[in-house]
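Survey of secondary and tertiary structure
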Amino acid sequence: MPISLTDQEIRDYRRDGLLFPKPAISTDDAARYLATLEAYEAETGGPVNGKYRYKCHLVFPWINELMREPAILDMVEDLIGPDIMVWSSHLYPKEPGDGRFISWHQDSAHWGLETDNILTVWVALTSATRDNGCMRMLPGSQNTGIVEHRDTWETKNILTRGQTIAEEIDEDKAVWVELGPGETSIHHLHMWHASPPNITDGRRVATAIRYITPRARQTRADRDFATLVRGEDRYGHFEAEPRPSVTMEPSMVRLHEEIADIQGAIYLKGTDKASIAGLTDRK
Ligand SMILES: O=C(O)CCC(=O)C(=O)O
């Protein structure tokens, strides 16, 4: 049995839909991952292209390594069980003064996944503070199930559709999820959350990893993909993803393109937009 979370922490997660701060990797490892990212950015002339901020574990071996980190998987196992897949990963840089933000939303609203035994581990590679745009969450809001969202398509909104919860939100009840480098927060699929722009002089960088049980099903597309990172997949609901050995390996870039089309259908269902190619981020 996994032992990384205490019984109290597991109870807290079940009650609040949220757990933080949980140290998972050392500050040295966080700095090493950030340096790897920044070396790539220096080589390619700027922050990672929007489309590779999504499902980034397919094209960046360091993210594929990070999502298999035993300390992270132990916590995930405590919460969703011993069989664990990664459905997606997101890279979230917020640059100083770029004005980019995330509106109040639930991850579940546009992922098309059936089962709520799904969570995100958000790994801070720099510190995440109120000023540089850390997340805000409403503890307990995961109990609402999926609520109505409206699409805003705001350009500075990092979310694909600028999707925003249509209900009134009591922000006084929200907590600021401040983290140091190497620390994580864990949040439930239905958690109501948001994050403001970065108003500091330094960047804020994080990787969000979406862990699912293999029992999950994609309801918005006939095919979907995931990576098994612990235990067994006894269901075969997701096609297996290979592991990249080098950055932007051509076969993995092609697979990423193929999956992007499927993700387009998932994220844009119910809108008049056919493709996510022109949208900077997908979430
Ligand atoms: O990185 C952020 O500011 C928000 C990320 C988020 O909404 C998520 O990981 O679910």
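Glancing now at the side chain of Thr227. Among the secondary structure elements, Thr227 is positioned in strand 14 (residues 225–230). Taking the relative accessible area as the measure of exposure, Thr227 reaches 3% and is therefore buried. Of note is the side chain of Thr227, whose polar atom sits 2.4 Å from the side chain of Glu241. Once residues within four sequence positions are removed from consideration, Thr227 is found in contact with His57, Met67, Arg68, Ile84, Met85, Val86 and Glu241.

Once that is clear, we can look at the nonpolar core. It is characteristic of soluble globular proteins that their nonpolar side chains tend to be buried jointly. Among the nonpolar cores identified, the biggest contains 40 residues, and Phe60, Trp62, Leu119 and Tyr211 are the most heavily contacted of them. Residue assignment for this core shows that the elements contributing at least two residues are helix 1 (7–16), helix 2 (27–44), helix 3 (61–66), helix 4 (70–80), strand 2 (84–94), strand 5 (118–124) and strand 12 (204–212). The dominant element in this core, judged by the number of residues it contributes, is helix 4, at six residues. Leaving out residues up to four positions away in the same chain, Phe60 has contacts with Tyr40, Val48, Tyr52, Leu91, Pro244, Thr247 and Met248. With 20 residues, the next largest nonpolar core counts Tyr54, Trp87, Ile212 and Ile259 among its residues.

For the rest of this paragraph, the subject is the packing of aromatic side chains. Under the counting rule described, the total for this entry stands at four aromatic pairs. Measuring from ring centre to ring centre gives 5.0 Å for Tyr40 and Phe60, while their planes differ by 80°; the resulting arrangement is edge-to-face. Taken together, the residues Tyr40 in helix 2 and Phe60 in the loop between helix 2 and helix 3 connect sequence positions 20 residues apart. Each of the two residues, Tyr40 as well as Phe60, counts as buried. Measuring from ring centre to ring centre gives 5.1 Å for Trp87 and Trp111, while their planes differ by 50°; the resulting arrangement is tilted.

The next subject is empty space enclosed by the protein. Scanning the entire structure with this criterion turns up two cavities of 30 Å³ or more. Computed from the structure, the largest cavity encloses a volume of approximately 80 Å³. Tyr92, Ile102, Trp122, Met135 and His193 are, among the twelve residues lining the largest cavity, the residues nearest its centre. Broken down by secondary-structure element, the contributors of at least two residues to the lining of the largest cavity are strand 3 (102–105), strand 11 (193–195) and strand 12. Among the elements that take part in the lining of the largest cavity, strand 11 stands out by supplying three residues, more than any other. Looking at the lining of the largest cavity residue by residue, the class counts come to five nonpolar, four polar and three charged.

The next subject is the sheet that holds strand 6 (residues 135–137). Spatial ordering of the open sheet is given by 3-11-6-9, a layout of four strands whose pairing is antiparallel. Both outer strands of the open sheet, strand 3 and strand 9 (175–177), are each paired with one neighbouring strand and no more. In this sheet, neighbouring strand axes are inclined to one another by 25° on average, regardless of whether the strands run parallel or antiparallel. Here strand 6 pairs with strand 9 via three bridges, running antiparallel. Directly across from Met135, in strand 9, lies its bridge partner Val177.

The rules behind the values
Residues numbered from 1 in each chain as written. Predicted model: local features only at pLDDT ≥ 70, side-chain atom pairs only at ≥ 80, totals over all residues. Heavy atoms only, no water. Helix = DSSP H or I, 4+ residues; strand = E, 2+ residues; numbered from the N terminus. Buried < 20%, exposed > 50% of the residue type's maximum accessible area, 1.4 Å probe, protein only. Polar contact = N/O pair within 3.5 Å; in protein donor to acceptor, adjacent residues only side chain to side chain. Contact = heavy atoms within 4.5 Å. Core = buried A, V, L, I, M, F, W, Y, C linked by side-chain atoms within 4.5 Å. Phe/Tyr/Trp six-rings, centres within 6.5 Å; stacked < 30°, edge-to-face > 60°. 1 Å grid on protein atoms, 1.4 Å probe; cavity = no way out; pocket = protein on both sides within 12 Å on 5 of 7 lines; lining within 4 Å. Points joined across faces, edges and corners; volume = space filled by probe spheres on them. Nonpolar A, V, L, I, M, F, W, Y, C, P; charged D, E, K, R; others polar. Pairing = 2+ DSSP bridges. Axes fitted to C-alpha atoms, helices over the stretch in contact; angles between N-to-C directions.

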